[in-house]
Amino acid sequence: MSHVPSPDKPTITIPLLQQWVCDGRRLVMTTAYDAVTARLADPVVDMLLVGDSVGNVCLGFDNTLPVSMAMMNHHLEAVARIKPRALLVADMPYLSYHLSVDDTLCNAGGFLQRGAAAVKLEGGAKRVETIRALVECEIPVMGHLGLTPQSVHAMGGFKVQGRGAEDAVEILEDAHRLQEAGCFALVLEGIPSELAARITQTLNIPTIGIGAGPLCSGQVLVLHDVLGLTQGHRPKFVRTYVDGFDLLQQALAHWTEDVRRGAFPAPAEAYALPADARDAVSAWVPRSSTTT
């Protein structure tokens with residue numbers, strides 16, 4: 001191989017994640033939508049997800065459905081440019097894996113060509129053949145069960161799933177179907193803790209919870225939620241560790257005030273002319289305008 005990773009920045013791989021789970025280490029995943037958020041999160045988490053949640057977190061949409069492959073490619077490329085050590089996973093957006101196997105392989109393969117190490121897609125039994133096709137083409141797949149945001153309308157909103165006996169068993173069975181299809185891990189979102197625990201106990205692959213209780217193999221939260229950068233309603237499962245929105249807005253307000261009162265920029269933040277150039281500028285006289 002001509003490319004050897006830097007020894008001070010070892011790349012996190014799927015086998016390494018699986019080994020960590022076997023060793024009892026909990027996995028951590030968060031979102032990254034650009035180079036700044038990727039640089040912020042990469043040194044401290046195990047997986048970076050370029051999520052289609054970019055739609056409602058960054059792009060102003062009400063949900064993830066308007067997010068396109070072009071949008072996802074744009075944000076993935078920005079994250080991939082920092083060459084993260086964390087495993088880089090890209091979300092397959094709505095309609096990118098629903099129409100045909102050929103479209104799915106092209107879209108997912110394009111993610112890998114742009115730097116992703118794996119893709120994530122939503123759904124249970126009806127996605128099994130799609131997942132098998134991806135895995136056969138050496139494209140690692142992370143599944144996603146429970147509250148699947150791309151199904152928001154079919155579910156009647158963002159609601160906890162699997163509370164009824166029949167629904168709970170279906171999610172449990174789907175988890176095993178996705179494992180058998182070749183998924184290397186599953187995201188479990190918005191399901192009761194006991195169901196997530198049972199799924200985790202009976203699978204051989206890691207589970208990553210979000211609103212699924214403490215007994216999954218790991219956890220994922222949107223970076224902007226962890227840092228308090230979002231406003232309005234936050235789901236019950238979100239824990240905010242800093243009031244980032246107010247903190248940053250206060251800093252911006254402080255800078256605004258400094259500009260208005262002439263305190264910014266200070267001499268230390270400005271450039272000076274060399275002496276000869278300063279003399280030439282001082283001696284310059286505007287030319288008289290000539291009227292004809």
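Look up: the structure comes first, before these words.
Notes on the structure follow. (Residues numbered from 1 in each chain as written. Predicted model: local features only at pLDDT ≥ 70, side-chain atom pairs only at ≥ 80, totals over all residues. Heavy atoms only, no water.)

Some remarks on the overall build of the protein
- Looking only at helices and strands, the protein features 12 helices and 8 strands.
- Rg of the C-alpha trace for the protein: 25 Å, well past the compact-globule value of 19 Å for 292 residues, more than 25% over.
- Every one of the 292 residues in the protein was classed for burial, and the buried ones make up 44%.
- Considering only contacts in the protein between residues 6 or more positions apart, those separated by 24 or more positions represent 56%.
- Of note, the protein has its 23 positive side-chain charges centred 4 Å away from the centre of its 31 negative side-chain charges. (Helix = DSSP H or I, 4+ residues; strand = E, 2+ residues; numbered from the N terminus. Rg over C-alpha atoms; globule rule 2.2 N^0.38 Å. Buried < 20%, exposed > 50% of the residue type's maximum accessible area, 1.4 Å probe, protein only. Contact = heavy atoms within 4.5 Å. Lys, Arg positive; Asp, Glu negative; His and termini not counted. Charge placed at Lys NZ, Arg CZ, Asp CG, Glu CD.)

Some points on the state of the cysteines
- Scanning the entire structure with this criterion turns up 0 disulfides.
- Between Cys-137, a free cysteine, and Cys-106, which holds the nearest cysteine sulfur, the sulfur-to-sulfur gap is 11 Å.
- Judged by relative accessible area, which is 43%, Cys-137 ranks as partly exposed.
- The structure places no disulfide on Cys-216, whose sulfur is separated from the nearest cysteine sulfur, that of Cys-183, by 15 Å. (Disulfide = S-S within 2.5 Å.)

Side note on the sheet that holds strand β4 (residues 118–120)
- The sheet built from 8 strands closes into a barrel, its strands ordered β1-β2-β3-β4-β5-β6-β7-β8 with parallel pairing. For this sheet, the mean angle separating the axes of adjacent strands, direction not counted, is 25°.
- Here strand β7 (residues 207–210) pairs with strand β8 (residues 218–221) via 2 bridges, running parallel. Within the sheet, the bridge partner assigned to Ile-208 lies in β8 and is Gly-218.
- Docked against the sheet, helix α8 (residues 165–181) engages β5 (141–146) and β6 (185–189), running at close to 175° with respect to β5. (Pairing = 2+ DSSP bridges. Axes fitted to C-alpha atoms, helices over the stretch in contact; angles between N-to-C directions.)

Concerning the pattern of salt bridges
- Considering all chains together, one arrives at 8 salt bridges under this definition.
- For Glu-129, the salt bridge goes to Arg-132, with nearest N and O atoms at 2.8 Å. Placement of both Glu-129 and Arg-132 in helix α6 (residues 128–136) is noted, with a separation of 3 residues, approximately one turn of the helix.
- Of the charged contacts in the structure, one is a salt bridge between Glu-173 and Arg-177, with a shortest N-O distance of 3.7 Å. Residue Glu-173 and its partner Arg-177 are both found in helix α8; the two are separated by 4 residues, about one turn of the helix.
- Where salt bridges share partners, they join Glu-77, Arg-81 and Arg-114 into one cluster. (Salt bridge = Lys/Arg side-chain N within 4 Å of Asp/Glu carboxyl O.)

Comments concerning the layout of surface pockets
- Space inside the second largest pocket adds up to approximately 560 Å³.
- Together, 25 residues line the second largest pocket, and Gly-123, Gly-146, Thr-148, Ser-151 and Met-155 are the ones closest to its centre.
- Where the lining of the second largest pocket is concerned, the elements lending two or more residues are β5, α7 (152–155) and α8.
- Looking at the lining of the second largest pocket, its residues break down into 9 nonpolar, 10 polar and 6 charged. (1 Å grid on protein atoms, 1.4 Å probe; cavity = no way out; pocket = protein on both sides within 12 Å on 5 of 7 lines; lining within 4 Å. Points joined across faces, edges and corners; volume = space filled by probe spheres on them. Nonpolar A, V, L, I, M, F, W, Y, C, P; charged D, E, K, R; others polar.)

Remarks on the environment of Ser-53
- Along the chain, Ser-53 falls in the loop between β2 (47–50) and α3 (54–57).
- Taking C-alpha positions, Ser-53 is 8.2 Å from Val-222, a pair spaced 169 residues apart along the chain.
- With residues near it in sequence (within four places) discarded, Ser-53 still touches Thr-31, Tyr-33, Cys-58, Thr-64 and Val-222.

Comments concerning the side chain of Asn-63
- Counting through the fold element by element, Asn-63 comes out in the loop between α3 and α4 (69–80).
- Here the side chain of Asn-63 touches Leu-65 through a polar contact of 3.0 Å, landing on its backbone nitrogen.
- The residues touching Asn-63, leaving out its near neighbours within four places in the chain, are Gly-55, Asn-56, Val-152, His-153 and Phe-158. (Polar contact = N/O pair within 3.5 Å; in protein donor to acceptor, adjacent residues only side chain to side chain.)

Describing the side chain of Thr-37
- If you trace the backbone, Thr-37 turns up in helix α2 (residues 35–41).
- With a relative accessible area of 11%, Thr-37 lands in the buried category.
- For Thr-37, the side chain forms a polar contact with the side chain of Asp-34, separated by 2.7 Å.
- The contacts of Thr-37, once residues within four sequence positions are left out, are Ala-32, Leu-223 and His-224.

As for the environment of Ala-108
- Its place among the elements puts Ala-108 in helix α5 (residues 101–113).
- When the C-alpha atoms of Ala-108 and Ile-139 are compared, they prove to be 7.4 Å apart, with 31 residues separating the residues in sequence.

Comments concerning α6
- For α6, the complete set of buried residues consists of Val-128, Thr-130, Ile-131, Ala-133 and Leu-134.
- Buried residues along α6 sit in contact with α5, β4, β5 and α8.
- Of the residues flanking the end of α6, it is Glu-138, one or two places downstream, whose phi is positive at about 65°.

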